[in-house]
Amino acid sequence: MGIPDLFGEKRYRPLSRYLREIFGCRVQKIPLDAGFTCPNRDGRVGLGGCIYCGPRGSGTGAYENGVPLGEQIRAGIESGKRRFGKCKFIAYFQAFTNTYAPAERLKSLYDEALRHQEVVGLSIGTRPDCAPDEVLELLEEYARRCHFWVEYGLQSAHDYTLELINRGHDIAQFVDAVERTKGRGINICAHVILGLPGETKEEMMATADLVASLELEGIKIHSLYVLKGTKLAEIYQRGEFRLLELEEYVSLVCDFLERLPPDMVIQRLTGEAPRDLLVAPRWSREKMAVLGKIDTELEQRGSYQGIEWRPSPIQERTKCLDQKTI
Ligand code: SF4
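Scope of this entry: the structure provided in the associated data block. In this numbering scheme, every chain counts its residues from 1 along its sequence in written order. Whole-chain, interface and lining totals are the exception, using all residues; otherwise, since this is a predicted model, local features are given only for residues with pLDDT of at least 70 and side-chain atom pairs are given and counted only at 80 or more. To obtain the side-chain values, all non-hydrogen atoms of the structure were used and water was disregarded.

1. Some words on the pairing of strand 4 (residues 147–155)
Each regular strand shows side chains that alternate between the opposite faces of the sheet.
Next, step 1: Among the 9 residues of strand 4, 9 are classified as buried, and the element is accordingly described as predominantly covered.
Next, step 2: Pairing between two strands is assigned when DSSP locates at least 2 bridges connecting them. By the criteria applied, helices consist of DSSP H or I runs no shorter than four residues and strands consist of E runs no shorter than two, each listed in order from the N terminus. Two elements, strand 3 (residues 119–126) and strand 4, share 6 bridges in a ladder whose sense is parallel. By the bridge assignment for strand 4, Leu 122 is matched with Phe 148.
Next, step 3: In the classification by handedness, the crossover that spans strand 3, the intervening helix 4 (residues 133–145) and the parallel strand 4 is right-handed.
Next, step 4: Judged from the 6 bridges that link them, strand 4 and strand 5 (residues 187–194) form a sheet pairing that is parallel. Here the term buried applies to any residue with accessible area under 20% of the maximum for its type, exposed to any over 50%, and partly exposed to those in between, with areas from a 1.4 Å probe on protein chains only. By definition, the crossover connecting two strands over a helix is right-handed if that path, from the first strand to the second, turns clockwise as seen with the strands pointing away from the viewer.

In structure tokens:
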């Protein structure tokens, strides 16, 4: 098998190209902070949150700065049009846990995003333990109306790591959420982090294998970085673990990509640390440089997404049945 056509000029399947195939133009994600909180911070599941989680819960901090949702969307559309000309948008509910509210509130926030005619889709970032069936039924309705993703935080396929980083859920809950989400027309994206304290290369590759086996539509791969004021910063400053060097991260991302199915959409290959909060590593501020190095490494290896991936016997059987049906 050679490099699949669906990768374009890359050696993996980038979200930008996937969306262009669907909509025929550039589609830009608008990161939103709708004022949610998180059950792993407010005491419902845990207190203090994941040990790496910064004060903005991976978001822009717009809500706390008093910028209403509608204004965030309008500003995102204007800035996208200024930079890229004609394009469409996906409203990305990013900060904290974006299904952690009564259905009525969720509906009113998601509807507000879809009121803008340039917004053609929604992407909802959440935790696997915040997707009860009632919420999935609501998400399913939106998946019928627009291009729709749910993004579940997984981070690692090892319960001992999830415990160490205080995720407040386990692998079984992640798999259960995925299974209950499937068959509803909802695209599923998993978030994983490479370089978590104590994890070896083999353990990170086991995470790749779990994600590959679940046949998800997409993935975001992040590097671990340390933010000011977090539990992780305390542990880091005590010298209890070391962060990945840039070259190590690049190599691990390429190994990871090689094990994923070739049709899985790659939504992110590195996290972009907020500059004002970053403790380390400095290289995590340079997203474009990291992406360039990943491209170079894949090229030098003569490698690409999926080169090491083999369908499981069940996936192989389903493929054969599909072909027979055709
Ligand atoms: S689940 Fe997300 S928002 Fe909640 S504590 Fe963890 S990283 Fe922060």
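Once the structure has been displayed, the description carries forward.
2. Considerations on the pattern of salt bridges
Close approach of charged atoms lets side chains of opposite charge pair.
Next, step 1: Each salt bridge in this description consists of a side-chain nitrogen of Lys or Arg and a carboxyl oxygen of Asp or Glu lying within 4 Å of one another. Evaluated as defined, the whole model comprises 21 salt bridges.
Next, step 2: Here Asp 129 and Arg 127 are joined by a salt bridge, their closest N and O atoms 2.8 Å apart.
Next, step 3: Asp 129 sits in the partly exposed class, given a relative accessible area of 24%.
Next, step 4: For Arg 127, a relative accessible area of 3% corresponds to the buried category.
Next, step 5: The residue Asp 255 makes a salt bridge to Lys 201 at a minimum N-O spacing of 3.2 Å. Of this pair, Asp 255 sits in helix 9 (residues 246–258) while Lys 201 sits in helix 7 (residues 201–213), placing them 54 residues apart in sequence.

3. Description of the packing of helix 3 (residues 103–114) against helix 4
Next, step 1: Here an angle of 0 to 180 degrees is reported between the N-to-C directions of two axes, which are lines fitted to C-alpha atoms, with helices fitted over the stretch in contact. At a minimum axis distance of 11 Å, the contact between helix 3 and helix 4 shows a crossing angle of 15 degrees. It follows from the interaxial angle that helix 3 and helix 4 lie roughly parallel. Of the two elements, helix 3 crosses helix 4, and the hand of that crossing is right-handed. Seen from helix 3, the contacting residues are Ala 103, Leu 106, Lys 107, Tyr 110, Asp 111 and Leu 114; seen from helix 4, they are Val 135, Leu 138, Leu 139, Tyr 142 and Arg 145.
Next, step 2: Considered class by class, the residues forming the contact of helix 3 with helix 4 number 8 nonpolar, no polar and 3 charged. Note on angle classes: values under 35 degrees are labelled roughly parallel, values over 145 roughly antiparallel, values of 65 to 115 roughly perpendicular, and the remainder oblique. Left-handed describes a crossing whose near helix is turned anticlockwise from the far helix by less than a right angle; the clockwise case is right-handed. Working rule for contacts: check all heavy atoms of both residues, and any pair within 4.5 Å makes them a contact. Classes in brief: Ala, Val, Leu, Ile, Met, Phe, Trp, Tyr, Cys and Pro nonpolar; Asp, Glu, Lys and Arg charged; the others, Gly included, polar.

These results come straight from atomic positions and should not be treated as a statement about function.
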